[in-house]
Each structure stands twice: as structure tokens, then as C-alpha cells.
Amino acid sequence: MDYSSNRKKIALSTLALFITVLHFLPFYVLITTALKEKSDFSSKWVFPFDISWSNFREAWEAANLGNALLNTGIITFFAAAILIIVGSLAAYPLARRQTKLNRFMYMFFIAIMVVPPLAALVPLYQLVVNLGLMNTHQVAIFNNVASYLPLTIFLYAGFIRSTIPKSLEEAARIDGAGTFRIFFQIVFPLLKPITASILIIACVYIWNDYQFAIFFLQDESVQTMTVALSKFFGENANNLNLVAAAAIIATLPMAILFLLLQKHFVQGLAAGSVKE
Amino acid sequence: MTVSTKKIGRTKQNSSLWWMYLPALLFVVFFIVYPFLNGIRISFTNWNGFSQTFDYIGFRQYTRMLTDPDTWTVVRNTLIYGIGSTIFQNVLGLAYALLLNQSVHFKTLTRTIVYLPVIISPLIMGYIWYFFFSYQGGALNDVLIGLGLERINVLGNVDINIWIIVFVNTFQFVGIAMIIYLAGLQSVSRDFYEAAEIDGASSFQKFKNITFPLLMPSITINMVINIIGGLKLFDVIISLTGGGPGNSSQSMSTFMYDLYFGREDAGYAATQGVLMMVIILILSLSALIYFRRKEVEA
């Protein structure tokens, strides 16, 4: 390798490292804050010499985070499962059968993506009250499913169009298999890569949801991580060390998932963005 | 006999299979379309959000909205959140992608750290930056004091706080733009560059004439998702400023939330919802159409 390109590599690598440090700064501040006692008034930049884990235990108990973790887990699990089943099922005819009706329906689902969920807040709230779904897991599950279905259908339809051969379906049909069976036994298993990506994206969105949760899950028994945290912040605005510890606990599950499945995160995004 | 089986086969192939998307349709209609249409109806009432009775008052909420100075503050903020974040996320995201697309060390580390905020709740991201920007004991003010300067109250300053929110939103989602641009860059064939090098093209010429046009699809998708995300901004505002001081950093989403739950003004909140829908629709559709046309040209 010649001298100038080697020097260029060192310069660019230094720049990359600098960007990394810059982007890590807020997390560094978060960590130092969480590891300090309330009585420690040192600057947030100073790493604590005697690390205190007590904030984590105190935040866990005071903000009822165990309960919030469970609620968030239940909602995320069921919403993601429904999203995958209903979404893949819907995408199949929309991708494969180019009838006038289906073309219109596909456009309809795509158009829904633009609708901001909060624009319909007032009537949605009324609907949820009338259905008696206030402060239930179902309301969060249904709302999340409805709001991420268009994206799910979009990603599945693109994948089916570009990677699932039509001949496969025709071969199965000659054997006399019904559409439903063809779909679940032959098509769905082939959708595994995109299903993994959609699952990851959906789980992150639903896990982090605050807009729906803050309106419909006010009761402590059903509150999710984000709602628990925003209440906790309101009560402990002058004890940020506790809030920092709670924020780390709330973030950890998705952060671990991300670090383990990083490849799929990146692939999912790329899949959605590359044109067919 | 053979003819009739063929016919059955063909009609089967041409059927819409509408029952397969019926469940999806029900979800969307019930939880998005119906509430949205009902919201238009409520925007013509003086409903307070909980009582059983209300009156239809025609366009009065609409004239109120157009003459309400808060409306314009909120619309201006929403546009700054939407357009400002879109510009910063795309410029930075493209710069990062161009850097990481070369042969550099720390590639995976940089990509991981830049992308990490994407998976964190925007609400929590707001709190994390609050530790940084808060007036009392914030990390930023510690630096300023260390340098012998005055502390500043960035979140309480009505000229700065909206830009802090744009900054935090950019910081959080620049990773998405970066990844999409990286995928786009990696799909550009090396042959183009080699041909250009033979013709003696400079780095800038290569970027302008090869990279940029071929990245147009990535630019379109980034522009559209960033603008929709920015215009819907809610969580991060709640955690950083709560929309204040006054209404100075309120977005349309937080303003509606405040009108409905804080001021029991549901009819007016619904009217603001209609305005928000119209603005998002116009902006995202124009972005989509504009950049799609560019793609065709390129």
C-alpha cells in the first residue's frame, strides 16, 4: 500500500473514531449519572470512583419497573405476532393478484402510512372508551397492529414480488392444495428473512411506543415502560440519578436485542429502501 | 372436460383473494380510517371531550384556528421539526455513509454507535439529552463553567429550544439515513467509477455525476420517511421541554395532546388534527413526487 493512501486511511479512521466518540457522549453522561449517589454533586463528566448500584434497585422498586417490563413484553409479543400473520396474509394477494380491486387496496394501505396517529386522537380516545378497552393490553395491541400494518404489508409485498417464484404456487395448485394451505405451507416459510427483519423493526417500535400508551394505559397495573418512566421523571425531576438508572433498565432489552441481531436490523432497513 | 378445468384454473388465478386482506383492512379501517373521519365530524362541534352533549357550531373552530396566534407558532415549529430534521439527517447521514463506504478502521464500531439511538425510545432519548442540556447540573453547563463562561438555559430559551429538539431528533435518527445510504452506495457498480477514472474524472465529478444520481432512490426514501417522522414529532418534545416555555416548542402533536387533556377542548383539538393531516399529506406527497421525478431524470 502506498504512502499517501495509507495516510488517507489513517485520517479517515481518526474521523470515524471522532464521530463515534461524539455519538457516544450522551450515553457516557447517562451512565455516569446512573452510577452516582444523589449526594454526589460532581460534574456529570466525572466517572464515579466508588460506583453505586443502589440507583438501579431503588428505581426498579419505586417506578414499579418489573410490572412495566411485563406489560411491555406482553403487548410487544402479541402485537408483533398479529402483525406478522395478518400482514403477510394481506400482502400475498396484493403482491400476486393484479386485479383492479387489489391495485386500489395496495395504494390504500400505502396511503395510510402517512396518517399521523395523533391526528385522530380525539375520536380514537372516544372509540376506545366506548368499547370499554381503556386501560387494557388489547387497546395497545390493536392500535400498534393497525398503525404498523401498512409498513408490514409494504415490506412483505415487495419481498414476495421480487423473490418468490410464481411457478411454485402453480405447482402446488396442480396438486390440488387450497390457497390457505399453499400460503402457510409453501409461501410463508420462504418469507423467513423478511419476517425476521419486520419482527425486529416492529418489536422496537412497539416496545418504545409512547403516543398510544400515554393515552390509553394510564393505570399503573397496565402501564408500559415509557409511561412508567415519564411518570417517574415527573416525580423525581430533582433526582436525575434515579431517572438515569430507570432509563438504562428500560433501554437494555432492546439494546441487547440490537447488539445480538445487528445484521438483521441493517438488512431489514436496506430491504425496505432498495427499489424493486 | 379439459377446457372447463382450464377455465376454473384461470378464474382462480384472476380472483382477488380479498378475504386474505380482510383482517388487515378491518384493523386499519376500525382504528385509523373511522377515527379519522369521525375526527372531521368532531371538528365541527364544541365538544369538551367527556360530556354527553355538545353542539354543532359549523366552521367556528376553523375560524378560531385561523385567527389563533398559537396555531401559527405550532405550525412553524412543526415545519422546522419536519424540514430541519430532514435536511440535517440527510446531509449527515450521507456524509457518514460516504465515510464508512471507504476503507477505514472502526467501521463496525462507528456504524453500531451511530445506529444505537434508533432502537431507543424517543422519550428516553429526550431524557438522556436532558441530562446534557438541563440548566441545573447539566453536562453542557459544566463545560461552560469549566471554561469560565456563563451557564445557559438552552431548553428555556424560546429562540434555541426548537433547534435543540431538531438536534436531538437528528442525533437519534441519523443512523437510519446512514444505513439506507450505505445500502445505496454498495449497490453502485465499481465499473462506473473505473470508467470515470480512465476518463480522468475528479472525486467531486465522480460524486456529482455517478454517486449522486444513482443514489436518488435512497434520497427519496430518506426524505419521505424523515419528513413524515419530523412532522409527527411528539415523544422527544414531551421529555425535553414539554412544549414550553409557554407554547414555544409545541408541535402540532403535543399541542393537540395539550388541548384535549390539558384544556378539555376536544372539538378544537380535532380541528388542529385535521390541519395536521392536511399539512403532512401535502408535504410528504410533494416530497415523494418531486424526488421520484428526479429519479426518472437521473
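Residues numbered from 1 in each chain as written. Chains lettered and ligands numbered in written order. Predicted model: local features only at pLDDT ≥ 70, side-chain atom pairs only at ≥ 80, totals over all residues.

Identification of chain B as Lactose transport system permease protein LacF from Oceanobacillus oncorhynchi is taken from an unreviewed UniProt entry. As stated in UniProt under Sequence similarities (unreviewed entry), the record for chain B gives "Belongs to the binding-protein-dependent transport system permease family." In its Subcellular location (unreviewed entry) section, UniProt records this for chain B: "Cell membrane". (UniProt positions renumbered as here; feature names shortened; annotations may be inferred.)

The name an unreviewed UniProt entry gives chain A is L-arabinose transport system permease protein AraQ, with Oceanobacillus oncorhynchi as the organism. In its Sequence similarities (unreviewed entry) section, the UniProt record describing chain A reads: "Belongs to the binding-protein-dependent transport system permease family." The record in UniProt for chain A states the following under Subcellular location (unreviewed entry): "Cell membrane".

Asker: Help me out: how do you make sense of the overall build of chain B in this one?
Answerer: Helices and strands together make up the secondary structure of chain B, namely 14 helices and zero strands. Reading the secondary structure of chain B in the N-to-C direction produces α-α-α-α-α-α-α-α-α-α-α-α-α-α. Taken against the 2.2 N^0.38 rule, which gives 19 Å for 298 residues, the C-alpha radius of gyration of chain B at 25 Å runs more than 25% over that of a compact globule. Taken across its 298 residues, chain B has 44% of its residues classed as buried. (Helix = DSSP H or I, 4+ residues; strand = E, 2+ residues; numbered from the N terminus. Rg over C-alpha atoms; globule rule 2.2 N^0.38 Å. Buried ≥ 20, exposed ≤ 12 C-beta atoms within 10 Å, placed from the backbone.)

Asker: Even after reading the chapter, I still don't get the nonpolar core, so can you show me in this structure?
Answerer: Grouped burial of nonpolar side chains is what soluble globular proteins tend to show. By size, the foremost hydrophobic cluster in this structure holds 169 residues, and its most contacted members are A:Leu121, A:Val145, A:Leu149, A:Leu229, A:Ala246 and A:Ala247. At 15 residues, the largest contribution of residues to this core is made by helix α6 (residues 137-163) of chain A. Of the residues that make up this core, three or more belong to each of domain 1 (3-52) and domain 2 (64-273) of chain A. Discounting chain neighbours no more than four positions away, the residues touching A:Ala247 are A:Leu30, A:Leu229, B:Ile124, B:Tyr127 and B:Ile128. (Core = buried A, V, L, I, M, F, W, Y, C linked by C-beta atoms within 7 Å. Domains from an automatic or database assignment. Contact = placed C-beta atoms within 7 Å.)

Asker: Help me understand the interface of chain A and chain B in this model?
Answerer: Residue-level contacts link 73 residues of chain A with 70 residues of chain B. Looking at side-chain class alone, the side of chain A that touches chain B contains 52 nonpolar, 17 polar and four charged residues. (Nonpolar A, V, L, I, M, F, W, Y, C, P; charged D, E, K, R; others polar.)

Asker: I would appreciate a short explanation of the UniProt feature "domain: ABC transmembrane type-1" (unreviewed entry) in chain B in the present structure.
Answerer: In the numbering used here, UniProt assigns the "domain: ABC transmembrane type-1" (unreviewed entry) feature to residues 75-287 of chain B. Between the C-alpha atoms that bound residues 75-287 of chain B the distance is 18 Å, and the span itself is 74% helix and 0% strand.

Asker: What is the right way to read the environment of B:Leu109 from this model?
Answerer: Within the fold, B:Leu109 resides in helix α5 (residues 107-115). Considering only alpha carbons, one finds B:Leu109 and B:Val278, 169 residues apart in sequence, at a separation of 41 Å.

Asker: How should I be thinking about the domain arrangement of chain A in this particular structure?
Answerer: A common way to express how large an interface is: the accessible area buried when the components associate. All names here are of chain A. The domain boundaries assigned to chain A delineate domain 1 (3-52) and domain 2 (64-273). Centre-to-centre separation of domain 1 and domain 2, based on C-alpha positions: 34 Å. If you look at the interface, domain 1 gives five residues, while domain 2 gives seven residues. Residue classes in the side of domain 1 that touches domain 2 are distributed as two nonpolar, one polar and two charged.

Asker: Mind showing me how you'd approach the UniProt feature "transmembrane region" (unreviewed entry) in chain B here?
Answerer: All names here are of chain B. The positions UniProt marks with the feature "transmembrane region" (unreviewed entry) are residues 16-37, 79-100, 112-132, 160-183, 214-234 and 266-291. Annotation note: span residues 214-234, helix share 81%, strand share 0%, distance between end C-alpha atoms 34 Å. Between the end C-alpha atoms of residues 266-291 there is a gap of 37 Å, over a span that is 100% helix and 0% strand.

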